[in-house]
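# Chains, contacts and geometry: an overview
Here's the letter readout for the chains.
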Amino acid sequence: MSARAGVRAGDAGGCPVSHASDSPVDVTAEAVEFLHLYHEERRLPGVADRVARVREEIAVTGTYRHTGDELVHGAKVAWRQSARCVGRVRWAGLRVRDRRGVTTVAGIAEELARHLAVADNGGRIQSVMTVFAPDRPGVGLRARLWNDQLIRYCGHRMDDGSILGDPAQVAMTDAVRALGWHPPPVPGRFDLLPWVLETAYEDPTLVEVPRELVREVALTHPAYPWFEELRLRWHALPVISNMRLRVGGVDYSCAPFNGHYLGDEVGTRNMGDGDRYDQLLPVARGLGLDTSREDTLWREHAALVINQAVLHSFRAAGVRVSDPHTESELFMRFCAQEERAGRPVHGDWSWLNGSVGWAALHAVHHRYYDTRVPNPNLWQTDRAYGPAGVEALSLRQRHDVARRREG
Ligand code: ARG
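Heads up: these notes are all about the structure in this document. Values in this document were obtained by computation on a predicted structure and should not be read as measured data.

Attention shifts here to the packing of aromatic side chains. Counting across every chain of the model gives 11 aromatic pairs. With 5.6 Å between their ring centres and 85 degrees between their planes, W234 and Y277 make a pair best called edge-to-face. On the criterion of sequence distance, the pair formed by W234 in strand β9 (residues 233-235) and Y277 in the loop between α6 (263-272) and α7 (280-287) is long-range, its members being 43 residues apart. For W234, a relative accessible area of 0% gives the class buried. You can call Y277 buried: its relative accessible area is 6%. Between Y261 and F314 the ring centres are 6.5 Å apart and the planes differ by 90 degrees, which places this aromatic pair in the edge-to-face class. In this pair, Y261 sits in strand β14 (residues 261-262) while F314 sits in helix α8 (residues 298-316), placing the two residues 53 residues apart along the sequence. With relative accessibility at 2%, the residue Y261 sits in the buried group. A relative accessible area of 0% means that F314 is categorised as buried. One aromatic cluster is present, formed by Y153, F190, W234 and Y277 through successive ring pairs.

Further remarks concern the state of the cysteines. Inspection of the entire model under this criterion finds 0 disulfides. Unpaired in this structure, C85 has its nearest cysteine sulfur neighbour in C335, at a distance of 12 Å. Judged by its relative accessible area of 25%, C85 falls in the partly exposed class.

Cut-offs used in this document
Residues numbered from 1 in each chain as written. Predicted model: local features only at pLDDT ≥ 70, side-chain atom pairs only at ≥ 80, totals over all residues. Heavy atoms only, no water. Phe/Tyr/Trp six-rings, centres within 6.5 Å; stacked < 30°, edge-to-face > 60°. Helix = DSSP H or I, 4+ residues; strand = E, 2+ residues; numbered from the N terminus. Buried < 20%, exposed > 50% of the residue type's maximum accessible area, 1.4 Å probe, protein only. Disulfide = S-S within 2.5 Å.

If you want it as structure tokens, here you go:
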């Protein structure tokens, strides 16, 4: 079970190490462990029979097929054990869409669009995961999305060397342009990136995101009318599309999932960070703060005001969003539940604690967490594009090689 040994890097891009290949022994051990967990937590009889059948299936095929209910429970447990997520009290309510039978680019694109609609739910955002076909043992992914989230904004390289839009998406924006995508005639700061989808039978394909399914919120501040002149906005749904779901020794590399936003993610990280939209200085100017010296704490002041704007605007637009105080209280409830159930609380302190809400010194700060990363879980995957993660072969080529090998 090499995934367990996955080292955790401290930086934001750091991630549990990816699985290269699995020996049938590992798969079996992980399968047996998961089936016991599943039968026990769901209070189901017959674990010995199920284990025996799965062992046979692995011996013949190198893997096995989860029942629909095993998949649903496995996905929920993967969320429950995700060390970085502060919203895990909701784990049992995850809506899992079992789409293992959908394997074409057109079919997957349609299901992604449905995912957006189901998750958006008129602004009362629901947590949803859509699971496509599992990876083939020894060969790899059957379907791959290049995007790290289903909704993201372009980072355009301008002639003068500056970046317009989200600097975090420059490499992806370059990648879609290389595939033949044309940016809008007048590029903006909030242009939607298209999806890039590939499968074992189809080359990387560009798909426009259905505009009408993308809810966005224009940011305004309850006390500062000038704030809206900054013309900032953000999308309502964070749908992570570059993580691999691993359940009982089976990898589902194409399994996009979403929750709803914590204000901090948009207000501090996406809007405030110097390598993202970098809005602290414009906001501090609007507030008339002295930015000539750090000890006026103008950065903290500006970040706080942007966070207020995010929470206010999302609420006013009827879009579900969490504030740090409510969320940390809910997280404490989750910890208590887990402890009552006799389970350790897996957690990454630096991710669970945000940057606003410190004044009340909520309880999430005042404890430590179990830093192991057991499966089921969600793992970072390699980038499908760009200098560091370039795949020499497309999925289709990789699968062709495997098919030839198998004769
Ligand atoms: N921080 C990421 C973003 O700003 C989203 C990560 C997932 N967040 C969530 N609330 N489920 O887009």
